[in-house]
Amino acid sequence: MIFQKDIETLPRKEIEAIQLERLKWVVKYCYDNVPLYHQRLTDCGVLDGAKIKQLSDIEYIPFTTKDDFRDNYPFGLVAADMKDIVRIHASSGTTGKPTTGVYTKEDLDIWSDCVARVACAGGVTPDDIIQISFGYGLFTGALGLHYGMEKLGATVIPASSGNTQKQLMMLRDWGVTGIVATPSYALYLSEAMKEAGYPLSDYSLRLGILGSEPCTVSMREQIENNFNIRVSDNYGMTELGGPGVSGDCEARDGMHFAEDHFLPEIIDTDTGKRLGEGEVGELVVTTLTRKGMPVLRYRTKDITKLDYQPCSCGRTHCRMAKTMGRTDDMLIIKGVNVFPTQIENILINIPDIAPHYMLYITRKNYRDSLEIKVEVINEALLDNYQMLDGLKKRIEAKLQSILGLRTKVTLVAPKTLERFQGKAKRIVDLRNQ
Amino acid sequence: MAIKQLSIFVENREGTLVTVTDAIAKAGVDIRAMSVADTNDFGIFRLIVTDIAKAKQALDDANAFVSVTEVVGVAVQDEPGALAKVVKILADNNINIEYMYAFITVSKQFAYVVLRVEDNAAAEKILTEHGITLVTEEDMAKL
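First, a word on what this report is: a plain description of the structure on this page. Since the model is a prediction, treat every value here as computed from it, not as a measurement. (Residues numbered from 1 in each chain as written. Chains lettered and ligands numbered in written order. Predicted model: local features only at pLDDT ≥ 70, side-chain atom pairs only at ≥ 80, totals over all residues.)

A short note on the overall build of chain A
Counting its secondary structure elements, chain A contains eleven helices and 21 strands. Within chain A, the fraction of its 433 residues that count as buried is 44%. Counting contacts in chain A only where the partners sit at least 6 residues apart, residues at least 24 apart contribute 66% of the total. (Helix = DSSP H or I, 4+ residues; strand = E, 2+ residues; numbered from the N terminus. Buried ≥ 20, exposed ≤ 12 C-beta atoms within 10 Å, placed from the backbone. Contact = placed C-beta atoms within 7 Å.)

As C-alpha cells, then:
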C-alpha cells in the first residue's frame with residue numbers, strides 16, 4: 001500500500017516541477033522572515049529567489065550548519081509568527097544547549113503525512129496496533145511516529161521506553177502487531193521476550209519500525225529472527241523536523257525521500273560541490289514546505305548516496321542509501337546524540353584531572369554504555385578514598401546533566417592515556433565487534 | 001614526630017603493583033609496612049619505607065602517581081588488648097581514625113600501627129600523655 005499514491009508515484013518531471021515551485025517559495029519565505037537567511041540570500045545575490053530558475057540554481061545558496069542552529073538558539077531561525085507555533089521539540093546539541101524544532105499546525109500535519117508514508121512503506125496498515133517504545137518527551141521520534149501512525153489509521157499505544165515486563169505484557173495481552181523502538185531497545189526487548197518463556201504464537205507481532213540510531217544489517221536480522229517480524233528503517237533529524245524524511249519500502253533498496261517536502265542534494269564534503277546521482281557524499285537537505293522553521297541547504301553530515309531510478313514498489317521518489325558514516329565525530333549512544341567536544345568541554349573545567357581522555361563505547365545485552373577514562377592529577381586526593389571517589393561521582397553527575405546520559409568514569413594515573421600527535425583518536429567504539 | 005607515608009594510585013589491572021614494587025626494589029629501599037585498599041576501578045597502595053626520599057624519586061621516575069602524607073606511628077605491646085587501648089584513647093578524645101594498618105617485626109615485643117587521623121599533632125599529644133610509645137621515621141628505618 002502507498003499512503004499518498006498520487007504524490008508518491010508522480011513522474012520525475014512533475015516531482016521536479018513541484019520542487020522548483022516550492023524552492024522558489026521557501027527562498028522568498030526565508031528571505032522575508034528569517035534575518036539570518038535575509039542576510040545570506042542578499043550576500044549571495046539570490047535575494048528573494050529571483051536567481052532561482054532551475055533546481056540546480058540552489059547551488060548559489062550558502063549551506064546552513066549545526067552551528068547556525070546553535071548560534072540562533074532557541075528561536076532565531078523561526079520564520080512564522082510565534083502565535084502560529086503549536087509545538088516545540090528539541091534534541092541534544094553540541095554545547096549543552098539543545099537544537100530546537102518548531103512547528104506550525106500545518107507543519108505538524110505535513111510531518112504526520114511524511115511519517116504515515118514511511119510507516120505505510122514499512123508495511124503498517126490501518127489494522128495494525130502499534131506500540132511506540134521510544135521515550136516520549138522533547139525527542140521528535142516518539143510523537144512523530146505517534147501522529148504519523150494515527151494519521152495512517154493504525155492503533156497507537158504510547159508505551160514510551162523502559163519497564164520491560166510491562167512492555168512485554170502489552171505486546172502479548174493487547175495483540176500488538178507492530179513495534180516502534182530504537183534498534184538496540186528492540187533487540188533488548190526481543191531477548192527479554194525469549195527469556196520470558198512464552199511461545200512466539202502468544203504474540204501477534206509482525207513488524208518493526210526502528211529508528212533514531214543506525215542499525216546494522218546483522219542487528220536488523222537478529223531482531224527480525226528473535227521477534228519473527230519484518231523490520232524497516234527510516235531517517236530524519238530534529239533540524240529537518242524529525243522522522244519522516246525518508247524510509248524503507250518493501251523492496252528495502254534504499255529509503256524513499258519525501259521529495260515533495262524535502263529537496264536532497266549530495267555534496268563533496270571538502271569542496272561543497274554538488275555531486276551527481278549515485279555518487280557518495282554528504283547529504284544536504286532543503287525543506288520545501290516547513291513554515292515554523294524552514295531550512296535552506298542543511299548539511300546533515302551524514303554520508304550517503306541517492307538513487308533516482310524507479311523502484312519496484314512503484315514509488316518514484318528518490319531513494320537514499322543507509323547512511324555510511326558521518327563527516328563529524330557525532331556518536332549515537334542509546335539513541336542520544338553525543339559529541340566528544342561536549343565531553344571535552346565538561347572535562348576541561350574540572351580542576352583535579354588532566355585535559356586528556358578516552359571514550360570507550362560498548363554494547364552488552366544490546367545496551368550501549370559509555371566509559372570515560374580520565375587522568376587524575378591532584379596528588380592531594382590520594383590521601384583519601386572518599387575524595388577520589390567523590391571526584392569520579394562529580395564528573396559522572398556533570399556529564400549526566402549535560403549529556404542526558406549515564407556514563408561510567410574511570411580514573412587513571414597521570415600520563416597513562418595515549419598522547420596524540422596530529423588528529424586525536426579518543427573514541428574507541430566496540431559496539432560492532 | 002609524624003612519619004611519612006607514600007600513597008600510590010594503582011589501577012585495577014594486571015601488573016600495576018609489579019611496576020610500583022619493582023621501582024622501590026631497584027632503588028634499594030625496604031618496605032616496612034603496607035596496605036592496599038581498592039574499589040572496582042582503582043586502589044591506593046600505602047607504604048612506609050626505609051628511605052622515603054629515595055623511594056619517592058624512584059616512583060616518580062617510574063611515572064607512578066604518588067603523594068607523600070604524614071601519619072602517626074605507634075608501637076604497642078604485641079599482646080591481646082594493646083591495640084584496643086590505643087583506639088579507645090583516641091575515641092575518648094574524639095579523634096577519628098580515617099584508616100590504619102599494622103605490622104609486626106621479628107622482635108616480637110612490639111607490633112606497630114600506622115594511623116591516619118585528621119590532626120596528627122593532637123593525636124600524638126594525647127597518645128603520649130597516655131603513655132603510648134610513638135615511632136619516628138628513624139625508628140622505622142632501624143627496624
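Further notes follow.
Examining the sheet that holds strand β15 (residues 325-326) of chain A
If you trace the four strands from one edge of the open sheet to the other, you get β10-β11-β12-β15 (chain A), paired in antiparallel fashion. Only two strands of the sheet have a single partner each, and these edge strands are β10 (262-267) and β15 of chain A. (Pairing = 2+ DSSP bridges.)

Considering helix α9 (residues 217-227) of chain A
Residues and elements named next belong to chain A. Three or more residues of α9 are buried, namely Met 219, Arg 220, Ile 223 and Phe 227. Along the axis of α9, the buried positions cluster into a sector of 100°, meaning they face one direction only. Turned more than 90 degrees away from the buried face of α9 sit Val 217, Ser 218, Glu 221 and Asn 225, all of them exposed. Buried positions along α9 lie against α8 (183-196), β6 (207-210) and β7 (230-237). A positive backbone phi angle near 55° is found at Asn 228, which sits one or two residues after α9. (Arc of directions from axis to C-beta.)

Details of the nonpolar core
By size, the foremost hydrophobic cluster in this structure holds 87 residues, and its most contacted members are Cys30(A), Ala119(A) and Val124(A). With nine residues, helix α5 (residues 105-121) of chain A is the largest single contributor of residues to this core. When sequence neighbours within four positions are dropped, the list of residues in contact with Val124(A) reads Ala119(A), Ile130(A), Met149(A), Leu152(A), Ala154(A), Gly178(A), Leu207(A) and Ile209(A). Counting 56 residues, the second-largest nonpolar core is a separate cluster that includes Ile353(A), Ile372(A), Phe42(B) and Leu115(B). (Core = buried A, V, L, I, M, F, W, Y, C linked by C-beta atoms within 7 Å.)

Quick look at the interface of chain B and chain A
Often, the extent of an interface is quoted as the loss of accessible area upon association of its parts. Contact residues are listed per partner, giving 13 residues for chain B and 14 residues for chain A. Mapped by element, the contributors of at least two residues to the side of chain B that touches chain A are β1 (3-11), β3 (42-49) and β4 (65-77) of chain B. Split by residue class, the side of chain B that touches chain A holds five nonpolar, five polar and three charged. (Nonpolar A, V, L, I, M, F, W, Y, C, P; charged D, E, K, R; others polar.)

Some thoughts on the environment of Arg326(A)
All names here are of chain A. By secondary structure assignment, the location of Arg 326 is in strand β15. When the 15 C-beta atoms within 10 Å are taken as the criterion, Arg 326 is described as partly exposed. Taking C-alpha positions, Arg 326 is 4.5 Å from Asp 302, a pair spaced 24 residues apart along the chain. Residues contacting Arg 326, with those up to four places away along its chain left out, are Lys 301, Asp 302 and Ile 303.

A word on helix α11 (residues 385-403) of chain A
Residue and element names in this part refer to chain A. Along its 19 residues, α11 runs 27 Å from first to last C-alpha, staying within 8% of the 27 Å computed at 1.5 Å per residue. Looking only at α11, the buried set comprises Leu 388, Leu 391, Lys 392, Ile 395, Leu 399 and Leu 403. For α11, the arc enclosing every buried residue in end-on projection is 90°, short of the 170-degree limit, so these residues lie on one face. Those residues of α11 that are exposed and angled more than 90 degrees off the buried face are Gln 386, Lys 393, Ala 397, Gln 400 and Ser 401. On its buried face, α11 is in contact with β17 (336-338), α10 (340-348), β19 (367-376) and β20 (408-412). Of the residues trailing α11, Gly 404 is marked for its positive phi of about 70°. (Expected span 1.5 Å × (residues − 1).)

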